[in-house]
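# Report on the structure
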Amino acid sequence: MVALYPEKRSSLIPLLHLVQEQDGYVSPEGIEDVAELLGLTPAEVRGTASFYDMFHLEPVGRYLVAVCTNIACMLAGAYELLEHIESTLDAHPGETTADEMFTLEEAECLALCGNAPCLTVNWRYFGDMTPERWDQLAEDLRAGRLAGEVPPHGTLCRVRRSVGLLAGGGPQEARRASRKAATAPPPAWPDLNTQRTTPAAASTVLPEVTSQPEGLKQPEGLKKQPGGPMHEEGSRQ
Amino acid sequence: MSPSKLGPQIVTSRFGRAASWTLEPYLASGGYEGLRKALSMSPEEVHQAVSNSSILGRGGAGFDAGRKWGMLRKAQPAYLVVNGDESEPATFKDHALIEADPHQLIEGALICAYAINAARVFLFIRGEMALGIERVQAALNEAYEYGAVGERVFGSDFSVDVVVHPGAGAYICGEETALLESLEGKRGYPRIKPPYYPAAIGLYGAPTVVNNVETLSNLPFIMRNGAEAFFSLGNGHSRGTKIMALSGHVRRPGNYELVFADVTFRDLIYDPALGGGVREGRELKAFIPGGVSAPWFGPEQLDVPLANEKIAEAGSMAGSGAVTVMDETACPVRAAWRISRFFHRESCGQCTPCREGSGWVDKVMRRIEDGYGRTEDLDLLLDICDNIAPGVTWPPAQTTICVLGPSIPSSVAWAIRMFRDDFLEHVKQGGCPFPPDRLPTSLAHA
């Protein structure tokens, strides 16, 4: 992942997403790992992470429910929906339920305004929401019936890049980077993985989702991925 | 209006088709032919074709794409950064394009990369669009396998790599210099201008083109069918088609691809094949013509054509193509408050007028909506707006590094201008005179 960029700091945000995928939130240990990997101080990493809404520097519930209340959803009753969700969860935006199942957030526009009001659960979309549909959704989530659609919090992209950089004929920096990619061991994942041993951190790691959503399955012919520096990362799944 | 106003579909032609995001159906419908055509031409000829098509950037500013490429400083390395950080409230066209047709976006990006001689493309996709990121990454893996990306694309001398880069939740990263900062692994602070354009000093200080998802998604069509086919649609500066993202109190909210400059707001909102009219037969109160940064329009502007220059003449902006409709039951104070709250939450905090002004406006608007407002608050609000963007005119005066700050006054100032009585009624009644918005159980969705 670091090798995909001409300057390694560019991989900071993708790496923080990986930390969040493994720990369920951007943990202090994850910040230190990323800092070490990129030659930054933990304060620089944390200072960047804190700018972005998607990075949670404190643990969150199993499901992060982000309810959009921006203009289009508001006109479609998002605040009334949010009130209903608040009452069913007994939690306000920014809070986690007592059973640590749900963390509620009031989100800005999620770009699903044609199906307002909408919300996301661990960044998976649910549009045309009504109080009744929320009740059903919450029940399904609690029962673990949506494991295929809704991965654990922090899991952004379940499809891994299949190849490294190939454009050898490009400008000098691209060649340099691709040489590095060809020789360097897979950078981020093993490091982060082996250091994730403290019981506190381990308990926040949720079971990995093995099934892919229907639409994402790749055609048969493409399952055999060419080898490459990123391939080992991909095969971890 | 004839049904032909709905077509021809350039960028949404594969919407709704089975597995439209995978390679096989993409190839079956002319996929990657545009790239093959481009590779048979010289980069300069590709650039010329795009210039001839007169395509304006679809991100919000409406900057001529061919001109943007032409401003590129001649130096290597050069980069193409695709702006897929769509976060302008009520805009949901790029989200749909990314999820439904990622190969079209990748092909468009490759055509651009060839024309500007960029060996590395970064697809910056908004982090919240997790499914979109997964589909783009899966499509990119397929494109590598197919030989459309990588070393010697389709056997030509052109080599290019594409990297999918997820955002992490910050509206400001839609601003191109903030996006570049974010891509460099920093806080998304817009850069001080000059330099005005990343074409001179962009990513890592190298010449960089930043183009919107919809802009690039048009390129395969332009290459395949020629610039003339694109230019023949629309008129004036507004050529080709434009996706209008229609939301709010209409019967059929959704994305509609329409011939640029050929359709009016009335068509978009009331045509049975498009918006289908205001929900439950109510009266139109107001609409926002181009994303929440734009000044509001009322029923008297319904006949303004959907063209960049016509909307600008009428005193607002086409922006991202997001149209939000409010019916007679909508509370203008509540709507303008929610928009100012959005800017308050999303201000990056670099510039005082924006950082302090947005919070101040948010609080005063909330006070009025909650029934604790005073008559003099209206003058106070306009005074704050005047301090954020002097004159409170459109287009606004610039007092901040980026345009987020000057976007704050539009909704508040125009709401006060258009609906002063509603504001005063809040003060008089000590509360909101409008019913809370009801859930749209009766809505049919496009």
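Remember, it's a predicted structure, so these values are computed and weren't measured experimentally. Residues take numbers from 1 onward in each chain, read along the sequence in its written order. Going through the entries in the order they are written, you letter the chains from A and number the ligands from 1. With the structure being a predicted model, the display of local features is reserved for residues of pLDDT at least 70 and the display and counting of side-chain atom pairs for 80 or more, all residues being used for whole-chain, interface and lining totals.

## Quick notes on the pairing of strand E9 (residues 284–288) of chain B
All names here are of chain B.
- The burial label depends on the number of other C-beta atoms within 10 Å of a residue's C-beta. Counts of 20 or more mean buried, 12 or fewer mean exposed, and intermediate counts mean partly exposed, with C-beta atoms placed from the backbone. We count a stretch as a helix when DSSP gives it H or I for four or more residues in a row; a strand needs E for two or more, and each element gets its number in order from the N terminus. Of all 5 residues that make up E9, 5 are buried, and the element is covered over most of its length.
- The pairing of E9 with strand E10 (residues 322–327) spans 4 bridges and is antiparallel. Looking at E10, one finds that Leu284 is bridged to Asp327. What makes two strands pair is DSSP finding at least two bridges between them.

## Thoughts on the sheet that holds strand E3 (residues 119–121) of chain A
Residues and elements named next belong to chain A.
- As summarised here, the arrangement of the 4 strands in space is E2-E1-E3-E4, forming an open sheet in which the pairing is mixed. Single-partner strands in this sheet number two, and they are strand E2 (102–107) and strand E4 (124–126). Averaged over all adjacent pairs, the angle separating strand axes in this sheet is 25 degrees, with direction ignored.
- Placing C-beta atoms from the backbone, we regard two residues as in contact once those atoms come within 7 Å. Throughout, an axis means a line fitted to C-alpha atoms (over the contacting stretch in the case of helices), and angles, computed between N-to-C directions, take values from 0 to 180 degrees. Contacts between helix H5 (residues 78–89) and the sheet are confined to strand E1 (63–68) and E2, with E1 contributing the most and set at about 155 degrees to the helix.

## Re the environment of B:Ala389
Residues and elements named next belong to chain B.
- Here Ala389 lies in the loop between helix H16 (377–388) and helix H17 (404–418).
- For Ala389, a count of 26 C-beta atoms within 10 Å gives the class buried.
- In this structure, the C-alpha to C-alpha distance between Ala389 and Pro406, residues 17 residues apart in sequence, is 5.3 Å.
- When neighbours within four sequence positions are excluded, Ala389 is seen to be in contact with Pro396, Ala397, Thr399, Pro406 and Pro409.

## Structural notes on the interface of chain B and chain A
- Listed as interface residues are 73 residues of chain B and, on the opposing side, 60 residues of chain A.
- Residue contributions to the side of chain B that touches chain A peak at 11 residues, all from helix H7 (residues 130–146) of chain B.
- Nonpolar residues are Ala, Val, Leu, Ile, Met, Phe, Trp, Tyr, Cys and Pro. Charged residues are Asp, Glu, Lys and Arg, and all others, Gly as well, are polar. Classifying every residue of the side of chain B that touches chain A gives 32 nonpolar, 23 polar and 18 charged.

## A look at the domain arrangement of chain B
Residue and element names in this part refer to chain B.
- An automatic or database domain assignment provides the domain bounds reported here. We note that the domain assignment places domain 1 (15–231), domain 2 (234–327) and domain 3 (332–429) within chain B.
- Look at where the C-alpha atoms of domain 1 and domain 3 centre, and you get two points 35 Å apart.
- Taken together, the 9 residues of domain 1 in the interface contact 7 residues of domain 3.
- Considering only residue class, the side of domain 1 that touches domain 3 consists of 7 nonpolar, 1 polar and 1 charged.

## Quick notes on the nonpolar core
Residue and element names in this part refer to chain B.
- Core analysis: the biggest nonpolar cluster contains 216 residues, and Leu80, Val81, Ala109 and Leu123 have the highest contact counts within it.
- No other element matches the 10 residues that helix H6 (residues 102–116) contributes to this core.
- Sequence-distant contacts of Leu80, that is, excluding residues within four places in its chain, are made with Ala109, Cys112, Ala113, Ile116, Ala118, Val121 and Val209. Joining buried Ala, Val, Leu, Ile, Met, Phe, Trp, Tyr and Cys residues through C-beta atoms within 7 Å gives a set, and that set is a nonpolar core.

## Quick word on unusual backbone geometry
- A cis amide bond links A:Ala116 with the next residue in sequence, A:Pro117, at an omega value of -5 degrees.
- As for its placement among the helices and strands, A:Pro117 is situated in the loop between E2 and E3.
- Residue B:Pro77 is bonded to the preceding B:Gln76 through a cis peptide linkage, with omega at 0 degrees.
- Locating B:Pro77 in the fold gives a position in the loop between helix H4 (65–70) and strand E1 (79–84).
- We note that B:Ser54 has phi near 60 degrees; this positive angle belongs to a residue other than glycine.

## Describing the confidence of the model for chain B
- Per residue, pLDDT measures the predictor's confidence, with a range of 0 to 100. Mean pLDDT over chain B works out to 94, with 96% of the residues at or above the 70 mark.
- Predicted as a complex, the structure gets a pTM of 0.89 and an ipTM equal to 0.94.

## Considering the sheet that holds E10(B)
Residues and elements named next belong to chain B.
- With respect to topology, 4 strands assemble into an open sheet ordered E8-E7-E10-E9, the strand pairing being mixed. Two strands bound the open sheet, and with one partner strand each, they are strand E8 (254–259) and E9. Each strand of the sheet is rotated relative to its neighbour by a mean of 30 degrees, with strand direction disregarded.
- Both strand E7 (residues 241–248) and E8 contribute to a ladder of 6 bridges, which runs antiparallel. Within the sheet, the bridge partner assigned to Thr241 lies in E8 and is Val259.

## Structural notes on the environment of A:Asp128
- Checked against the element boundaries, A:Asp128 lands in the loop between E4 and helix H6 (131–142).
- Spatially, the C-alpha atoms of A:Asp128 and A:Cys73 are 9.6 Å apart, while their sequence positions differ by 55 residues.

## Quick look at H6(B)
All names here are of chain B.
- In this scheme, a helix's expected span is set at 1.5 Å multiplied by one less than its residue total. Given a rise of 1.5 Å per residue, 15 residues ought to cover 21 Å, and the 21 Å separating the end C-alpha atoms of H6 matches this to within 8%.
- When you tally the buried positions in H6, you get 15 out of 15 residues, the bulk of the element.
- Directly after H6, the chain includes Asn117, whose backbone phi takes a positive value near 60 degrees.

## Re the environment of B:Ile111
- Inspection of the secondary structure puts B:Ile111 in helix H6.
- Among all residues touching B:Ile111, those that are not within four sequence positions of it are B:Gly34, B:Leu35, B:Ala38, B:Val46, B:Leu219, B:Pro220 and B:Met223.

## As for the pairing of strand E4 (residues 208–212) of chain B
Residues and elements named next belong to chain B.
- Most of E4 sits out of view: 5 of its 5 residues are buried.
- Burial along E4 is two-sided: Thr208, Val210 and Asn212 facing one way and Val209 and Asn211 facing the other are all buried.
- Here E1 pairs with E4 via 5 bridges, running parallel. When the sheet's bridge partners are listed, Asn83 is paired in E4 with Asn212.

## Quick notes on helix H3 (residues 42–49) of chain A
All names here are of chain A.
- Along H3, the positions that sit buried rather than exposed are Val45, Thr48 and Ala49. End-on, the buried residues of H3 take up no more than an arc of 100 degrees, which puts them together on one face.
- Contacts from the buried residues of H3 go to helix H1 (12–23) and helix H2 (28–38). Starting at the helix axis, one direction is taken to each C-beta atom, and the arc is that of these directions.

## As for the packing of helix H15 (residues 352–369) of chain B against H16(B)
All names here are of chain B.
- At a minimum axis separation of 10 Å, H15 and H16 run at an interaxial angle of 165 degrees. By the angle between their directions, the pair H15 and H16 is classed as roughly antiparallel. For the element pair H15 and H16, the recorded crossing hand is left-handed. Of the residues in H16, those touching H15 at Pro353, Cys354, Gly357, Trp360, Val361, Val364, Arg367 and Ile368 are Asp377, Leu380, Leu381, Ile384, Asn387 and Ile388.
- A breakdown of the residues in the contact of H15 with H16 according to their chemical character gives 10 nonpolar, 2 polar and 2 charged. Should an angle fall under 35 degrees it is called roughly parallel, over 145 degrees roughly antiparallel, and 65 to 115 degrees roughly perpendicular, with every other angle called oblique. Take the far helix as your reference; a near helix turned counterclockwise from it by less than a right angle gives a left-handed crossing, and one turned clockwise gives a right-handed crossing.

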